[in-house]
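# Observations on the three-dimensional arrangement
Here are the chains, one letter per residue:
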Amino acid sequence: MKLWGGRFEKQTDGLVDDFHSSITFDKRLYKQDIQGSIAHATMLGEQGVIPTADAERIVEGLNGILEDVDGGRVQFEIDAEDIHMNVEKLLIERIGEAGKRLHTGRSRNDQVALDGRMYTKDEAKRVCSLLSDLCRVLLRIAGENLHTVMPGYTHLQKAQPITLAHHMMAYFQMFTRDMDRMRDCYRRSDVMPLGSGALAGTTYPLNRERVAELLGFSAITPNSLDGVSDRDFMLDFLSAASICMMHLSRFCEELILWSSHEFRFVEMDDAFSTGSSIMPQKKNPDVAELIRGKTGRVYGDLMGLLTAMKGLPLAYNKDMQEDKEALFDARDTLVKSLVVFTHMLDACRFRKDVMARGAEGGFTNATDAADYLVKKGMPFREAHAVIGRLVLHCIKENKALLDLTLPELQEFSLLFDQDVFEALSMRACVDLRNIPGGPAPEAVQASIDAGKAWLEGFSI
Ligand code: ARG
């Protein structure tokens, strides 16, 4: 007999049990569900809504169930539909009459909203801690490579020299924004919905603030309809997860490119690479490729839930049961990706010599050559044209700017002087970009210091 079986004359068809039961996946919420029930029962007892002795029995029974589920001694039932009814059913089996009082003034609709919020809070916190591990690795690499010159790109064409530290700190910015977004998701999840009932609140004198306090929530939801039908906090998690995966995916793409024979900027550790079943020489960046690939499934989770929610009238609709698999899948994918990526990056060996050589080709100092003429008094637009002609000349001669002699340079502009050779060195090109946010070692060191302080001050 179902817990809601009173008004039914027939058993549920087995096909329906199989189709609509969520226990196969929402059993993952057992801890949140039981803790939520413990808080609810405690408050019911305190408020005199149920006898104190019953509340105590319920709490004791629920603690026993929690222990048994933790210890793998509980078999959930598919025809008890979901985690909420499985726990309630077990409780009634174990403690009898008192157990039947647990669901007073509560609905599965506010219960599932509660569990989802508790889960999302925990996982947003976990993701932040994984992101801060990753950020620390980035700070280490940046700190060790303030002077490691490499080419910076636009359109995947060499553009201007930068440093590896500067490049790493660009990712540091992205991942700290991800932390900020996850903290925001935590803040919006941190609102307690119990007391919303099925949709219209309840007639019992529940103390919602007390339940919030027992469960460590900062506030209670201000509207019962919204309390049970809001899944924005999950969408916040999925959006933040999608953006974070996009950042990981871009980083992976660069590591894949950089470990190719054409670039050779990085040597991935053997422990994070894989071989080929046929080509003995191969060492493939499978881990990075897989993270890039898995980004698509997290976007899919976000799009799936956005689409499931888009036409729903207030308040709860069963469509919303689709929220959990999306949330769990995105969480699992993100957590696994972050962990393996952080270890993989930590073990990467950067080839400073190849990077430095890479910075020298491709006229990466052409902008600096134009700037040189500007500093000698030429208007920038004119300098751009002069250096454009100079570059064309060098391409035809198969030379770099610094291969030319001073008289050759002076054929293009008499403003060129002996000091041009120092001004156009890769080192000078980087060092002179000493502007906040720029690649000069001093500027990057300032951004490392600010980043460290930000990480240390971060809390949820
Ligand atoms: N298993 C349901 C879900 O995941 C719980 C809420 C069920 N509420 C209901 N009225 N059928 O959404």
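Please refer to the structure higher up on the page.
For the structure given in this document, a descriptive report is provided here. Quantities reported herein were computed from a predicted structural model and do not represent experimental measurements.

Quick look at helix α19 (residues 441–457) now. Every α-helix carries 3.6 residues per turn, so stepping three or four residues along brings you back to the same face. Spanning 17 residues, α19 covers 24 Å between terminal C-alpha atoms, matching the ideal 24 Å at 1.5 Å per step. Of the positions making up α19, those classed as buried are P441, A443, V444, I448, G451 and L455. Considered in projection along α19, the buried side chains sweep an arc of 155° and stay on one side of the axis. Opposite the packed face of α19, turned more than 90 degrees from it, sit the exposed residues E442, E456 and G457. Those residues of α19 that are buried are in contact with α6 (108–144), β2 (157–163), α7 (164–189) and α18 (426–431).

This next bit is on the pattern of salt bridges. Scanning all chains against the criterion turns up 38 salt bridges. D332 is the partner of R28 in a salt bridge, and the nearest nitrogen-oxygen pair spans 2.7 Å. Taken together, the residues R28 in the loop between α2 (23–26) and α3 (30–46) and D332 in helix α12 (residues 323–346) connect sequence positions 304 residues apart. Among the salt bridges present, the one from E123 reaches R331, with a minimum N-O distance of 2.8 Å. Here the residue E123 occupies a position in helix α6, and R331 occupies one in helix α12, the gap between them amounting to 208 residues. Here E123 and R331 have matching classes, each one buried.

In total, this model carries 10 aromatic pairs according to the counting rule given. Taken together, a centroid distance of 5.0 Å and an interplanar angle of 55° make the contact between F251 and F341 tilted. Residue F251 is found in helix α10 (residues 232–258), and its partner F341 is found in helix α12; the two are separated by 90 residues along the sequence. Overall, the relative accessible area of 0% leaves F341 in the buried class. Here the aromatic residues Y153, W258, F263 and F265 are joined through ring pairs into a cluster of three or more. Here K121 stacks its cationic end above the ring of F217, 4.1 Å away from the centre of that ring.

The rules behind the values
- Residues numbered from 1 in each chain as written.
- Predicted model: local features only at pLDDT ≥ 70, side-chain atom pairs only at ≥ 80, totals over all residues.
- Heavy atoms only, no water.
- Helix = DSSP H or I, 4+ residues; strand = E, 2+ residues; numbered from the N terminus.
- Expected span 1.5 Å × (residues − 1).
- Buried < 20%, exposed > 50% of the residue type's maximum accessible area, 1.4 Å probe, protein only.
- Arc of directions from axis to C-beta.
- Contact = heavy atoms within 4.5 Å.
- Salt bridge = Lys/Arg side-chain N within 4 Å of Asp/Glu carboxyl O.
- Phe/Tyr/Trp six-rings, centres within 6.5 Å; stacked < 30°, edge-to-face > 60°.
- Lys NZ or Arg CZ within 6 Å of the ring centre and 35° of its normal.

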